[in-house]
Amino acid sequence: MTALGLDTSNYTTSAAVFDGESGLNAGKLLSVKPGELGLRQSDALFQHVKALPERMEELRRAGALENVSAVCASTRPRAVEGSYMPCFLAGESLGRSLAQALDVPFFAVSHQQGHLAAAAWSAGRMELLDAPFLAWHLSGGTTELLYVEPEGVNVNARRIGGTSDISAGQLIDRCGVLLGLPFPAGKALDELSRSCTDRPRPLRRRLDGLEFSLSGVENQIKERLESGGEPEKVAAFCLDTVAQVVREATVEAQNRYPGLPVLCSGGVASNTRLRYVLTELCQAIFAQPKYSTDNAMGTAILGRRMLCKRKG
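Since this is a predicted model, take the numbers as computed values, not measurements.

Reading the values: the criteria
- Residues numbered from 1 in each chain as written.
- Predicted model: local features only at pLDDT ≥ 70, side-chain atom pairs only at ≥ 80, totals over all residues.
- Heavy atoms only, no water.
- Disulfide = S-S within 2.5 Å.
- Buried < 20%, exposed > 50% of the residue type's maximum accessible area, 1.4 Å probe, protein only.
- Pairing = 2+ DSSP bridges.
- Helix = DSSP H or I, 4+ residues; strand = E, 2+ residues; numbered from the N terminus.
- Axes fitted to C-alpha atoms, helices over the stretch in contact; angles between N-to-C directions.
- Contact = heavy atoms within 4.5 Å.
- Parallel < 35°, antiparallel > 145°, perpendicular 65-115°, else oblique.
- Left-handed = near helix turned anticlockwise from the far one by under 90°.
- Nonpolar A, V, L, I, M, F, W, Y, C, P; charged D, E, K, R; others polar.
- Salt bridge = Lys/Arg side-chain N within 4 Å of Asp/Glu carboxyl O.
- Phe/Tyr/Trp six-rings, centres within 6.5 Å; stacked < 30°, edge-to-face > 60°.
- Lys NZ or Arg CZ within 6 Å of the ring centre and 35° of its normal.
- Lys, Arg positive; Asp, Glu negative; His and termini not counted.
- Polar contact = N/O pair within 3.5 Å; in protein donor to acceptor, adjacent residues only side chain to side chain.

Caption draft 1: Main features of the state of the cysteines. For the coordinates displayed, the defined rule picks out zero disulfides. Between Cys175, a cysteine without a disulfide, and Cys238, which holds the nearest cysteine sulfur, the sulfur-to-sulfur distance is 4.1 Å. Free of any disulfide, Cys264 has its nearest neighbouring cysteine sulfur in Cys282, separated by 8.5 Å. The exposure class assigned to Cys264 is buried, which follows from its relative accessible area of 0%.

If you want it as structure tokens, here you go:
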């Protein structure tokens, strides 16, 4: 039995299939004009509608759509009351229509739940979904530390910490745009920072329980650039500041929830500095980089789990 998953996040259109062991994800970044810090929801929705047929054709050419027994789509950012974003309507609308045409079940999950499932699967740790664990969802719009527990074959993620203002991804993207890098800037900023041989000291952020603020870091970045700071040093300063405070929050969470593994998901989790720091110092578990960024694989995984439960 194969499940088809659809995810239309703010910056990526993706479709994926999962058969219980292996899967295939077809994804493409939305187009953002140089110098701009993202898209309006109406523009994102329009691009998703145009891009979804291409993603489906990519799966069809690979022979991945022959035995679809269920369709699953991410229909909102998080599985909490009031969580809504218009861009997810594109995937949900296509998903419900395909399920009706194929006469198969349709399942709805959140974008965040899909991230967690994709991270666990790509790390070879699917058993994480069947017991409590800690998780980071680090992306362009989210920096949340989560307590996750099983909810049937899905997962229930409860926020226990993270940023109180801008997300780590927003800070990274703003730094990248200031440096003239393409948006989203995570990958390019990561590559630039790795060329820094004399990394500057990161800006210390204070923890308030498991919460922290990233406001003020952008001003520090601007000041360094205006005073002639080398681009690679500015990139390293930005990423090391994020890595340091995320590590400190992770250590505190491990003290409060002893023995629970820590799973890292979201596009920012593909950053090499963050992966090194959290792996070496906190024994964190990371998704493969290509499944850290927005993708539909986790949506397909959860869809198949729900299908198996329905069939008994």
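Having seen the model, we can carry on.
Caption draft 2: A look at the sheet that holds strand E4 (residues 68-76). Judged by pairing direction, the sheet is mixed, and its five strands sit side by side in the order E3-E2-E1-E4-E5 without closing on themselves. What marks the edges here is a single partner per strand, and that holds for strand E3 (23-29) and strand E5 (106-110). Pairwise comparison of adjacent strand axes, ignoring direction, gives a mean angle of 20 degrees for this sheet. Judged from the five bridges that link them, strand E1 (residues 2-8) and E4 form a sheet pairing that is parallel. Residue pairing for E4: Leu6 is matched across the bridge by Ala73. Sheet contacts for helix H1 (residues 41-61): E1, strand E2 (12-18) and E3; angle to E2, the most-contacted strand, approximately 30 degrees. Each of E1, E4 and E5 touches helix H2 (residues 88-102); the most contacted strand, E4, lies at about 160 degrees to it.

Caption draft 3: Focus on the environment of Ala284. Looking at the secondary structure, you find Ala284 in the loop between helix H8 (272-282) and strand E11 (285-286). Looking at Ala284, the relative accessible area reads 9%, which means it is buried. Along the primary structure Ala284 and Leu24 are separated by 260 residues, whereas in three dimensions their C-alpha atoms are 25 Å apart. Ignoring sequence-local partners within four residues, the contact set of Ala284 consists of Val262, Cys264, Leu278 and Thr279.

Caption draft 4: Seen up close, the packing of helix H7 (residues 231-256) against H8. Look at H7 against H8: their axes get within 9 Å of each other, and the N-to-C directions meet at 30 degrees. The angle between the axes of H7 and H8 places the two elements in the roughly parallel class. Remark: the crossing between H7 and H8 carries right-handed chirality. Of the residues in H8, those in contact with Asp240, Ala243, Val246, Arg247, Thr250, Val251 and Gln254 of H7 are Arg273, Leu274, Val277, Leu278, Leu281 and Cys282. Class assignment for the residues of the contact of H7 with H8 results in eight nonpolar, two polar and three charged.

Caption draft 5: Spatial organisation of the pattern of salt bridges. Per the stated rule, a full pass over the model turns up 19 salt bridges. Across the pair Arg125 and Glu127 runs a salt bridge, and its minimum N-O distance is 2.3 Å. Judged by its relative accessible area of 29%, Arg125 falls in the partly exposed class. Assessed through its relative accessible area of 43%, Glu127 is described here as partly exposed.

Caption draft 6: Representation of the packing of aromatic side chains within the structure. Scanning all chains against the criterion turns up five aromatic pairs. Centroid distance Trp136 to Phe212: 6.3 Å. Interplanar angle 55 degrees. Geometry classified as tilted. Taken together, the positions of Trp136 in strand E6 (residues 133-138) and Phe212 in strand E9 (residues 211-212) put the pair 76 residues apart, joining distant regions of the chain. Per residue, the accessibility class of Trp136 equals that of Phe212, and both read buried. What links up through ring pairs into an aromatic cluster is the set Phe18, Trp121 and Tyr291. Against the face of Phe237 rests Arg224, its NZ or CZ located 3.7 Å from the ring centre.

Caption draft 7: Molecular detail of the sheet that holds strand E8 (residues 154-163). Ordered by their spatial adjacency, six strands build an open sheet running E9-E8-E7-E6-E10-E11, and the pairing between neighbours is mixed. In the strand order of this sheet, the two ends are held by E9 and E11, each with one partner. Sheet strands in contact with helix H3 (residues 111-122) are E6, strand E7 (143-151), E8 and strand E10 (262-265), and its direction is about 115 degrees off that of E10.

Caption draft 8: Highlighting the side chain of Arg304. Topologically, Arg304 is positioned in helix H10 (residues 297-311). Buried and unpaired, Arg304 has no salt bridge, with Asp19 as the nearest side chain of opposite charge at 5.8 Å. A distance of 2.8 Å separates a polar atom in the side chain of Arg304 from the backbone oxygen of Met1. In contact with Arg304, not counting residues within four places along its chain, are Met1, Ala3, Phe18, Asp19 and Gly20.

Caption draft 9: Highlighting unusual backbone geometry. The step from Phe183 to Pro184 runs through a cis peptide bond, and the omega angle for that step is -10 degrees. Position of Pro184 among the secondary structure elements: in the loop between helix H4 (168-178) and helix H5 (186-193). Even without being glycine, Asp103 reaches a positive phi, approximately 60 degrees. Note that Asp103 resides in the loop between H2 and E5. When its relative accessible area of 71% is taken as the criterion, Asp103 is described as exposed. Phi at Gln283 takes a positive value of approximately 55 degrees, unusual for a residue other than glycine.

The values are spatial; any link to function lies outside them.
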